[in-house]
Amino acid sequence: MTGAAVSAAPRRSMMLRLLLGRGSFRASVQVMQVALAVVWGTVAYGPFANALGACAWLVFLPNAAEKSALRLAPRVRATRATVAALAVRFAAAPVLAFATGLIVTVVVAPESALLPYLAAACWHTCSGMLMTVAGLHRLRGRAALDAWAFTAGAVLVLAVTLSTWLAEWSPRTVLLVLPAGLAAVALVAVGLLPRDWRRPEPLRRRRFVLAYGRTTWLLGVPELLDALTVAVVFFVLAAVGRVSDSGPFYLAMLAAGAFCSIVRYQFRIHQPGVSLRQRGAGAVVARAKAMAILRAVVVGGAAFAVLFSAALLVPSSRDALLADTGIAMWAALGVLTAVEIVTAIAVMYGIFLIENTGGPLLGVSLRGALCRLLATTVGALCLVPPLGAAGGFAAVVFALSAEAAALHHMVRRRPSGPPAGRPARSGLSSTT
């Protein structure tokens, strides 16, 4: 497979099929959440939503391997199969770990309060593994398998939803069936990969594995930490006794996540080509564009802080933000969701440009994600107890602005290219 083939984006017709496949999966999950909230009621649905929301960040644990593979594959040739095989192994490891824990818990303590969280962790890690394997199929020019895999996932979710509606399945049953079915889909997708992408020749260079692992860590952990910031809100909701707010917050955040996932998916599809273009002079242009985007996010965050504070001073808007149910609550959450979507996509695009400019900026997004996690924790502890779901959204938006400010500061202090007198490295190096 040539480098041009690896870096080429799918045709428009295939792009449509890919979006329909991922879109059907996301839509089925949305339908399932609404249906289950109606079937079970707020009391039973709250803990279910809390388990899924608290573990949602785990999807990026196996999916980090895809991001690394899509960046490295266009730049290597002889070792491309090994990169793909490492991606499969990195993606499968967390699935196996959580699946083992879940099986042991089902056998030893089936009524344990930990079981729903382990099952939710398996669901999200299986989703992340399927994303990684689907990305590898796109790399080898079999993008249709991506669409079919997630269409199968959508059929699974809708079947579980219908069974719950007709047979009155419990939340625990749903949480056990969902990851089992998605794991089967992921295993089939792995089996359809070329043999050398699943079982490469034994690695003889430890530095190769370490370099891939380092790149995966620097590229994947920031997204994982960003998702963990949302889980922090669920943890705070549970800690302060506002689990009932988890349902509205989860449904609203699920809608935001659906939009962001579509954009992130577009980034992944075009990442191989962008990785090649943003080298040399292209890196300088991309860096300047990212800086402008991050500055806009910081200004927007400051404006949001003023408007949100003003809304708390107006009785009608304050009542809507503090409401537990009703149209006013959903209207307020809708506005906050729109703000969060715009802010999150802008930050994602800035990070995407930064990460694909070269080695010197590869670790910047990790430190920015740590800053966002800290800001979300502080904001959630201050805003969630008095404001519930609305406070959770405000904490997430404030943290995104803090991450943008930190990234802007760090990128501005970094050199735009390799140090003078030091040639750029080639092959699969730690800065590839």
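Our subject is the structure listed above.
Computed from a predicted structure; not experimentally measured.

Caption draft 1: Geometry of the overall build of the protein. Secondary structure assignment for the protein yields 15 helices and zero strands. Split into buried and exposed, the 432 residues of the protein put 54% on the buried side. Nonlocal contacts in the protein, meaning residues at least 24 apart in sequence, comprise 85% of its contacts between residues at least 6 apart. Roughly 18,700 Å² of accessible area belongs to the protein as shown, and the carbon and sulfur atoms make up 69% of that amount.

Caption draft 2: Main features of the nonpolar core. Core analysis: the biggest nonpolar cluster contains 125 residues, and Leu136 and Phe249 have the highest contact counts within it. Counting residues per element, this core draws most heavily on helix 5 (residues 115-139), which supplies 15 residues. Each of domain 1 (14-204) and domain 2 (264-413) contributes no fewer than three residues to this core. The contact partners of Phe249, leaving out residues within four places of it in the chain, are Val230, Val233, Phe234, Leu237, Ala389, Gly392 and Phe393.

Caption draft 3: The arrangement of the pattern of salt bridges in detail. Taken as a whole and judged by the stated rule, the model has four salt bridges. Note that Arg138 and Glu66 form a salt bridge whose closest N and O atoms lie 2.9 Å from each other. Note that Arg138 is positioned in helix 5 and Glu66 in helix 3 (residues 60-72), a separation of 72 residues in sequence. Residue class for Arg138 comes out buried when judged on its relative accessible area of 11%. On the accessibility criterion, Glu66 (3% relative accessible area) is buried. One salt bridge connects Arg138 with Asp146, and the closest N-O pair in it is separated by 2.6 Å. Overall, the relative accessible area of 0% leaves Asp146 in the buried class. Here the residues in one salt-bridge network are Arg22, Glu66, Arg138 and Asp146, joined through shared partners.

Caption draft 4: Region of the structure containing the side chain of Gln33. In this structure, Gln33 sits in helix 2 (residues 12-54). For Gln33, a relative accessible area of 1% gives the class buried.

Caption draft 5: Spotlight on the environment of Thr337. Looking at where Thr337 falls in the secondary structure, it is placed in helix 13 (residues 327-355). Classification of Thr337 by relative accessible area gives buried; the value is 8%. Here the alpha-carbon distance between Thr337 and Leu254, two residues 83 residues apart in the chain, equals 9.6 Å. At 2.6 Å, the side chain of Thr337 and the backbone oxygen of Leu333 are in polar contact.

Caption draft 6: Region of the structure containing the environment of Ser316. The residue Ser316 is located in helix 12 (residues 315-322) in this model. Counting along the chain gives twelve residues from Ser316 to Ala328, while the straight-line C-alpha distance between them is 9.3 Å.

Caption draft 7: Quick peek at unusual backbone geometry. In the Ramachandran plot, Glu168 falls in the positive-phi region, its phi being about 55° despite a non-glycine side chain. Inspection of the secondary structure assignment puts Glu168 in the loop between helix 6 (144-167) and helix 7 (171-191).

Caption draft 8: Representation of the packing of helix 5 against helix 7. Packing of helix 5 against helix 7 brings their axes to within 9 Å, and their N-to-C directions diverge by 20°. Taken as axis vectors, helix 5 and helix 7 run roughly parallel relative to one another. In the packing of helix 5 onto helix 7, the handedness of the crossing is left-handed. Residues Leu115, Pro116, Ala119, Ala120, Cys122, Trp123, Cys126, Ser127, Met129, Leu130, Val133 and His137 of helix 5 pack against Arg172, Leu175, Leu176, Leu178, Pro179, Leu182, Ala183, Val185, Ala186, Ala189 and Val190 of helix 7. In the contact of helix 5 with helix 7, the residues fall into 20 nonpolar, two polar and one charged.

Caption draft 9: Molecular detail of the side chain of Ser28. Within the element layout of this structure, Ser28 appears in helix 2. A polar contact is formed between the side chain of Ser28 and the backbone oxygen of Phe25, at a distance of 2.6 Å. Not counting residues up to four positions away in its chain, the partners in contact with Ser28 are Ala154, Val157 and Leu158.

Caption draft 10: Spotlight on the packing of helix 5 against helix 6. Relative orientation of the contacting elements helix 5 and helix 6 amounts to 155°, with a least axis distance of 8 Å. Considering their axes alone, helix 5 and helix 6 lie roughly antiparallel with respect to each other. Touching Trp123, Leu130, Met131, Ala134, His137 and Arg138 of helix 5 are Leu145, Asp146, Ala149, Phe150 and Val157, all from helix 6. Tallied by class, the residues present in the contact of helix 5 with helix 6 amount to eight nonpolar, one polar and two charged.

Caption draft 11: Molecular detail of the packing of aromatic side chains. One pass over the full model with this rule turns up eleven aromatic pairs. Members of the aromatic cluster, joined through ring pairs, are Phe25, Trp123 and Phe150.

Caption draft 12: Local environment of a nonpolar patch on the surface. There is a patch of nonpolar side chains on the surface, built from Val34, Val38, Val39, Leu162, Trp165 and Leu166 and spanning about 610 Å² of accessible area. Its place among the elements puts Leu162 in helix 6.

Caption draft 13: Structural view of helix 15 (residues 389-413). In this model helix 15 runs 37 Å from its N-terminal to its C-terminal C-alpha over 25 residues, within 8% of the 36 Å that 1.5 Å per residue would give. For helix 15, the buried fraction is high: 19 of the 25 residues fall into the buried class.

Caption draft 14: How the structure looks around the environment of Leu228. Looking at the element boundaries, Leu228 is found in helix 9 (residues 206-239). Residues Leu228 and Thr376, spaced 148 residues apart in sequence, show a C-alpha to C-alpha distance of 9.6 Å. Among residues more than four places away in sequence, those in contact with Leu228 are Trp57 and Leu373.

Reading guide: rules and limits
Each chain has its residues counted from 1, following the order in which its sequence is written. It should be noted that, the model being predicted, local features are given only for residues of pLDDT at least 70 and side-chain atom pairs only at 80 or more, the latter also being counted only at that level, while totals for whole chains, interfaces and linings use all residues. Note that water and hydrogens are dropped before the side-chain values are worked out from all heavy atoms of the structure. Secondary structure elements follow DSSP: runs of H or I no shorter than four residues count as helices, runs of E no shorter than two count as strands, and numbering proceeds from the N terminus. The buried label applies to any residue whose accessible area, calculated with a 1.4 Å probe on protein chains only, is under 20% of its type's maximum; exposed applies above 50%, and partly exposed to all values in between. Here a residue-residue contact requires only that any non-hydrogen atoms of the pair lie within 4.5 Å. For accessible areas, the Shrake-Rupley method is used with a probe of radius 1.4 Å. Any residue's cover is judged against the shown protein chains and nothing else. In this text, buried Ala, Val, Leu, Ile, Met, Phe, Trp, Tyr and Cys residues form a nonpolar core when linked through side-chain atoms within 4.5 Å. Segmentation into domains, and thus their bounds, comes from an automatic or database assignment. By convention in these notes, a salt bridge is any Lys or Arg side-chain nitrogen within 4 Å of a carboxyl oxygen on Asp or Glu. Pairs of N or O atoms are called polar contacts if they sit within 3.5 Å, as long as, within protein, a hydrogen donor faces a hydrogen acceptor (for residues adjacent in sequence, only side-chain-to-side-chain pairs). Fitted lines through C-alpha atoms serve as axes, helices being fitted only where they are in contact, and the angles separating the N-to-C directions of these axes extend from 0 to 180 degrees. An angle below 35 degrees is read as roughly parallel, one above 145 as roughly antiparallel, one from 65 to 115 as roughly perpendicular, and any other as oblique. Rotating anticlockwise by less than a right angle from the far helix to the near helix defines a left-handed crossing, while the corresponding clockwise rotation defines a right-handed one. Amino acid classes used here: Ala, Val, Leu, Ile, Met, Phe, Trp, Tyr, Cys and Pro are nonpolar; Asp, Glu, Lys and Arg are charged; the rest, including Gly, are polar. Two rings belonging to Phe, Tyr or Trp (six-membered ring only in the last case) form a pair when the distance between their centres is within 6.5 Å. Interplanar angles under 30 degrees mark stacking, angles over 60 mark edge-to-face geometry, and anything in between is tilted. Surface patches are drawn from residues lacking salt bridges whose relative accessible area is over 30%; two like charges belong together within 9 Å, two nonpolar side chains (Val, Leu, Ile, Met, Phe, Trp, Tyr) within 5 Å. For a helix, the expected span equals 1.5 Å multiplied by the number of residues minus one.

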